[in-house]
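# Fold and geometry: a report
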Amino acid sequence: MSKVNRVWVMNKYADGPMENDNLVLKEFPLADAQEGHIRVRSMYLSLDPTNRVWLSSQYTYMPPVPMGGPMRGFVIGVVDQSRATGWAEGDIAYGLMQWADYSVIDPSQTVYMTKMSRSDGIPLEAWISALTMNGETAYYGMLIKGRPKAGETVLISGAAGATGVLAGQLAKISGTRVVGIAGGAEKCRALTEEFGFDAAIDYKQGNLLGAIQNACPNGVDVFFDNVGGETLDAALANLAMGARVVICGGISEYDKFGNPASIYGIKNYFALLLKRASMEGFVIFDFVGTLEHAKCQRSLMEWYRAGKLRYRAHVVNGMEQAFPSLRLLLTGGNKGKLVVRICDEIK
Ligand SMILES: NC(=O)c1ccc[n+]([C@@H]2O[C@H](COP(=O)([O-])OP(=O)(O)OC[C@H]3O[C@@H](n4cnc5c(N)ncnc54)[C@H](OP(=O)(O)O)[C@@H]3O)[C@@H](O)[C@H]2O)c1
C-alpha cells in the first residue's frame, strides 16, 4: 500500500478575519523525488504571523498560495530521498517548504533552503526558535536597519515573542538600554527577568503613549516594530532626534489583510520630519545568499554558544494542530516561538 502524505491546502482565502476553514487537511499519496528534487520528512513546522498574511488572495512580498495548493511554511526535516546534487539521505534541511508530512522540492529553486549540521549537538528546537528565520530577522532588523549605538534607547513591540526576545538581546549586546512592549504581566516579567530587558511595558494596561514616555524619558532612538497600528503611532510620538524606525511586522493589522480600508491609519508621521527620523521595512528574504547572511548565521551561532541568545519555545504536537494553533499568534496565546512537532526527531 502506498504511503500517505497529510497536507494543509488552501481552501478559502482570508481577505478579512481568518476563519476555521481557510486551510483544510487532506491526504495524498506520497510522491517520490523527481530528478533534481529532494523529499523532506518534516520534524518541526514553524508557525509565523506571516502565515496569516499568506492566507490572503493578495500578492504581498510573495504570490498568494494557489487555491487547492499546499500551504507554505518554514520546516526542519530530514531528507529521506535525494535526486539533487549536494543533498544526501539523512541530511537535515531547513527552509521554505510545505505544511505537510513530506515536501518534495527542488532545493535550487526554493526561496530559502539550507542544510544544517547534525554534528554540532544543537537541539532542533534551538535551530527553529533562535538560529534560523527569527534570529536572522532580529539580526537584520535590529543590527542592519536599526544600527543601535551604545547608550541609546531601543524600544521593541511584540517584545515577548519569538523575534522580539532575540531583537532585544541583540540590542543589549550592542550596549543599549532596551524597553519591551508586551501583553500581560507574565510576558513583561519574562522580558526583564529572563531576557535581560531593562524595562517592560504591558500595553494592555492602556495609555501606551504615556507609558513609553515614562520608560524612555530621553526618547526612542531605535523602534523595532512587530505590531503596527496604534502601537506604532504611540512610538512615533516618542522618537528621539535622528531615530530609526524599523518595520519588521504589523501583526495588529494582519487580520485585515485584503481589506486595506480597515487598516489603521498612522497619525503621528510628522514625527519623522520633526525628529529627522527614518522609517524602513525589510523582509529576511532580501538577505538570502548575501555575505551578510553568512555573517549573520555565524554571529547568531557564536552568541548562542556564549549563552547570550536565549529563547522560549511553545511546542504543539501533531500536524492536525497546525492551522488551529496559528490563531495563538493573533491572540497572544503563544508563550515563545510557536512550533508544531510533526514527528519525533529522526536520528
Ligand atoms: N520582516 C520579516 O522578514 C519578518 C520575519 C519574521 C517575522 N516578522 C514579523 O515579526 C513579528 C513577530 O513575529 P513572531 O514570529 O516573532 O511572532 P510572536 O511575536 O512570537 O507572536 C506574535 C505576538 O504578537 C502579539 N500580538 C498579536 N496581536 C497583537 C495586537 N493586536 N497588538 C499587539 N500585539 C499583538 C502577541 O504578543 P502579546 O501577547 O505581547 O500581545 C503575540 O504573541 C510579526 O509582525 C511578523 O510578521 C517579520
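Residue positions are counted from 1 within each chain, in the order its sequence is given. Per-residue local features of the predicted model are confined to residues with pLDDT of at least 70, and side-chain atom pairs are confined, for both listing and counting, to 80 or more; whole-chain, interface and lining totals are unaffected and use all residues. Based on all heavy atoms of the structure, the side-chain values leave hydrogens and waters out of the count.

## Structural notes on the packing of helix α3 (residues 133-146) against helix α9 (residues 291-305)
- Think of each axis as a best-fit line through the C-alpha atoms, taken over the contacting stretch in the case of a helix, with angles from 0 to 180 degrees between the N-to-C directions. Secondary structure follows DSSP: runs of H or I at least 4 residues long count as helices, runs of E at least 2 residues long count as strands, and numbering of each begins at the N terminus. Between α3 and α9, the least distance of the axes is 10 Å, while the angle of their chain directions is 105 degrees. In this view, α3 runs roughly perpendicular relative to α9, as classed from their interaxial angle. Across the interface between the two elements, Gly135, Glu136, Tyr139, Tyr140, Leu143 and Ile144 of α3 pack against Glu292, His293, Lys295, Cys296, Gln297, Ser299, Leu300 and Trp303 of α9. Each angle gets one of four labels, with under 35 degrees taken as roughly parallel, over 145 as roughly antiparallel, 65 to 115 as roughly perpendicular, and the rest as oblique. Note on definitions: a residue-residue contact is assigned when non-hydrogen atoms from the two residues lie within 4.5 Å.

## Re the nonpolar core
- By nonpolar core we mean a set of buried residues, namely Ala, Val, Leu, Ile, Met, Phe, Trp, Tyr and Cys, connected to one another through side-chain atoms within 4.5 Å. With a 1.4 Å probe rolled over the protein chains alone, any residue whose accessible area is under 20% of its type maximum counts as buried; one over 50% counts as exposed, and the rest are partly exposed. One finds Leu55, Phe74, Ile76, Trp99, Met142 and Ile156 to be the most contacted residues of the largest nonpolar core, which totals 85 residues.
- Ranked by residue count, the leading element in this core is helix α2 (residues 124-131), at 6 residues.
- When residues of this core are assigned to domains, at least three map to each of domain 1 (4-119 + 312-341) and domain 2 (133-285).
- Once you skip the residues sitting within four places of it in the chain, Met142 turns out to touch Thr137, Arg147, Pro148, Val154, Ile156, Ala167, Leu170, Ala171, Val222 and Phe224.
- Counting 20 residues, the second largest nonpolar core, distinct from the first, contains Ile201, Cys216, Ala234 and Ala277. Delimitation of the domains relies on an automatic or database domain assignment.

## Quick look at helix α10 (residues 322-331)
- Listed in full, the buried residues belonging to α10 are Ala322, Phe323, Ser325, Leu326 and Leu329. All buried residues of α10 lie within an arc of 155 degrees about the axis, which places them on one face of the element.
- Buried residues in α10 make contact with β1 (4-10), β2 (23-29), β3 (38-46), α1 (49-54), β14 (313-317) and β15 (337-341).
- Phi turns positive, to about 80 degrees, at Gly332, one or two residues after α10. Note: the arc covers the axis-to-C-beta directions of the helix.

## Some details on the site of the ligand
- For the ligand, the set of nearby residues contains 26 residues, the closest of which are Thr163, Lys187, Tyr203, Tyr254 and Asn334.
- Throughout this description, a polar contact denotes any pair of N or O atoms lying within 3.5 Å of each other; where both atoms belong to protein, one of them has to be capable of donating a hydrogen while the other can accept it, and for residues adjacent in sequence the pair is counted only when both atoms sit in side chains. Separating an oxygen atom of the ligand from a side-chain N or O atom of Lys187 is a distance of 2.6 Å.
- Taken by itself the ligand offers 910 Å² of open surface, and the protein chains cover 90% of this.
- Among the secondary structure elements, those contributing two or more residues to the shell around the ligand are α3, α4 (162-173) and α10.
- Per element, the largest residue contribution to the shell around the ligand is 3 residues, and it comes from α3.
- In this classification, the charged set is Asp, Glu, Lys and Arg, the nonpolar set is Ala, Val, Leu, Ile, Met, Phe, Trp, Tyr, Cys and Pro, and all remaining amino acids, among them Gly, are polar. Classifying every residue of the shell around the ligand by side-chain character gives 14 nonpolar, 11 polar and 1 charged.
- Two domains each donate at least three residues to the shell around the ligand, and these are domain 1 (4-119 + 312-341) and domain 2 (133-285). Being near a molecule or strand, for a residue, comes down to having at least one heavy atom within 4 Å of it. Shrake-Rupley sampling with a 1.4 Å probe provides the accessible areas, and residues are treated as covered by the protein chains on show and by no other component.

## Looking at the domain arrangement of the chain
- The domain architecture assigned to the chain consists of domain 1 (4-119 + 312-341) and domain 2 (133-285).
- Taking only C-alpha atoms, the centre of domain 1 and the centre of domain 2 are 28 Å apart.
- Taken together, the 26 residues of domain 1 in the interface contact 19 residues of domain 2.
- Throughout, buried area stands for the accessible area (probe radius 1.4 Å) lost by two parts on being put together, summed over both. Taking both partners together, domain 1 and domain 2 bury about 1900 Å²; carbon and sulfur atoms supply 62% of that area.
- The salt bridge criterion pairs a side-chain nitrogen of Lys or Arg with a carboxyl oxygen of Asp or Glu, the two atoms within 4 Å. Taken together, domain 1 and domain 2 are joined by 3 salt bridges.
- Of the charged contacts in the structure, one is a salt bridge between Glu186 and Arg312, with a shortest N-O distance of 3.3 Å.
- Applying the counting criterion to the domain 1 and domain 2 interface returns 11 residue pairs in polar contact (both at pLDDT 80 or more).
- For the side of domain 1 that touches domain 2, the elements supplying multiple residues, two or more each, are α1, β5 (92-98) and α10.

## Brief notes about the side chain of Glu136
- Considering the arrangement of structural elements, one finds Glu136 in helix α3.
- The charged side chain of Glu136 is buried without a salt bridge, its nearest counter-charge being Lys337 at 12 Å.
- Discounting chain neighbours no more than four positions away, the residues touching Glu136 are Tyr112, Leu131, Ile284, His293, Cys296, Gln297 and Leu300. Neither His nor the chain ends is counted toward charge; the positive residues are Lys and Arg and the negative residues Asp and Glu.

## What about the packing of helix α6 (residues 208-215) against helix α7 (residues 229-236)?
- Where α6 contacts α7, the axes come no closer than 9 Å and their chain directions differ by 40 degrees. In this view, α6 runs oblique relative to α7, as classed from their interaxial angle. Relative to α7, α6 is oriented so that their crossing is right-handed. Touching Leu208, Leu209 and Ile212 of α6 are Thr231, Ala234 and Ala235, all from α7.
- A class-by-class count of the residues in the contact of α6 with α7 yields 5 nonpolar, 1 polar and no charged. Handedness of a crossing follows from how the near helix is turned relative to the far one, being left-handed for an anticlockwise turn of less than a right angle and right-handed for a clockwise one.

## Observations regarding the environment of Gly206
- Relative to the elements of secondary structure, Gly206 occurs in the loop between β10 (199-202) and α6.
- Taking the C-alpha atoms as reference points, Gly206 and Ala159, 47 residues apart in sequence, are found 17 Å from one another.

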